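# Residue-level structural notes
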Amino acid sequence: MRAHLLPLMVLFAAACGPSSSVDEGLGVVQGIDTSEKGITAFVRSGQYTSWLAEPSVHDTRAPHGSKVRVFFNDVVAQSLRDGNATHPVGSILVKELFEDDGKTLRGHALDVKVAEGPGKDTWLFYEGFGPDYTRNYYGRAHSTCHGCHSDGKDYVTSPLP
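Here's a quick rundown of the structure. (Residues numbered from 1 in each chain as written. Predicted model: local features only at pLDDT ≥ 70, side-chain atom pairs only at ≥ 80, totals over all residues. Heavy atoms only, no water.)

## A look at the overall build of the protein
The helix and strand inventory of the protein stands at four helices and nine strands. Starting at the N terminus and walking to the C terminus, you meet the elements of the protein as α-β-β-α-β-β-β-α-β-β-β-β-α. Buried positions account for 42% of the 161 residues belonging to the protein. Taking all contacts inside the protein whose residues are at least 6 apart in sequence as the whole, residues at least 24 apart take part in 48%. (Helix = DSSP H or I, 4+ residues; strand = E, 2+ residues; numbered from the N terminus. Buried < 20%, exposed > 50% of the residue type's maximum accessible area, 1.4 Å probe, protein only. Contact = heavy atoms within 4.5 Å.)

Encoded structure:
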């Protein structure tokens, strides 16, 4: 193999599979490093647990699993209260994903609005499962995520508690 082709092969290999580093380096939104590693560290730290939250773990129809609880940052909470057709940059939702017992946390899903306007390309989607968070979905307009989220108001499917 020619040495000058190696960087291209590494780039193509990194963009395959459920996780992609294509969106790494989007920067910091609402104090959160939006790289895959940054989001993983954020959800694992539990920093979002002071946000407005659904009152309890509940059943869901979403493909994230059968039991969830959603947290809303102030930006998206206000946008939902105002009935906005599109949410502002910095809107963030964290969904805790539980085992069927409703007590054992198995992972997180996070949506963060990273660009103005409507459309799937304005959202960064993330889903990771513990304990090591190696099975992640991550990316702007991620094809696995935006299909279901397109049913929501500007890709937000969870109602404000």
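Now that the structure is up, let's keep going.
## Let's talk about unusual backbone geometry
Note that the residue after Gly-130, namely Pro-131, is joined by a cis bond; omega there is 5 degrees. Its place among the elements puts Pro-131 in the loop between β8 (123-129) and β9 (137-140). A positive phi angle, near 55 degrees, is found at Gln-30, a position not held by glycine. Along the chain, Gln-30 turns up in the loop between β1 (28-29) and β2 (32-33).

## Quick notes on helix α2 (residues 36-45)
Every buried residue of α2 is listed here: Glu-36, Gly-38, Ile-39, Thr-40, Phe-42 and Val-43. Downstream of α2 by a residue or two, Gly-46 has a phi angle that is positive, lying close to 75 degrees.

## Observations regarding the nonpolar core
Within the largest apolar cluster, 18 residues are counted, with the highest numbers of intra-cluster contacts made by Ile-39, Phe-42, Val-43, Trp-51, Val-94 and Leu-110. Counting only elements with at least two residues in this core, the list comes to α2, β6 (92-98), β7 (105-113) and β8. Looking at which element gives the most residues to this core, the answer is α2, with three residues. Excluding anything up to four places from it in sequence, Phe-42 contacts Ile-32, Gln-47, Tyr-48, Trp-51, Val-94 and Leu-110. Val-76, Leu-93, Trp-123 and Val-156 belong to the second-largest nonpolar core, a separate cluster that totals eight residues. (Core = buried A, V, L, I, M, F, W, Y, C linked by side-chain atoms within 4.5 Å.)

## Considering the environment of Tyr-137
With respect to the helices and strands, the residue Tyr-137 is situated in strand β9. Along the sequence, Tyr-137 and Phe-125 sit 12 residues apart, while their C-alpha atoms lie 7.3 Å from each other.

## Notes on the pairing of β6
For β6, the buried fraction is high: seven of the seven residues fall into the buried class. Burial of β6 is two-sided: the residues Ile-92, Val-94, Glu-96 and Phe-98 facing one way and the residues Leu-93, Lys-95 and Leu-97 facing the other way are all buried. Bridge count for strand β5 (residues 67-72) against β6 is six bridges, and the pairing is antiparallel. In the sheet register, Lys-67 faces β6, and the bridge partner there is Phe-98. (Pairing = 2+ DSSP bridges.)

## Focus: the packing of aromatic side chains
For the structure shown, the criterion picks out three aromatic pairs. Seen in terms of ring centroids, Phe-42 and Tyr-48 are 6.3 Å apart; in terms of plane orientation they differ by 55 degrees. Their pairing is tilted. With respect to class, Phe-42 is no different from Tyr-48; both count as buried. With 4.9 Å between their ring centres and 75 degrees between their planes, Tyr-48 and Phe-71 make a pair best called edge-to-face. In this pair, Tyr-48 is assigned in the loop between α2 and β3 (52-53) and Phe-71 in strand β5, connecting sequence segments 23 residues apart. (Phe/Tyr/Trp six-rings, centres within 6.5 Å; stacked < 30°, edge-to-face > 60°.)

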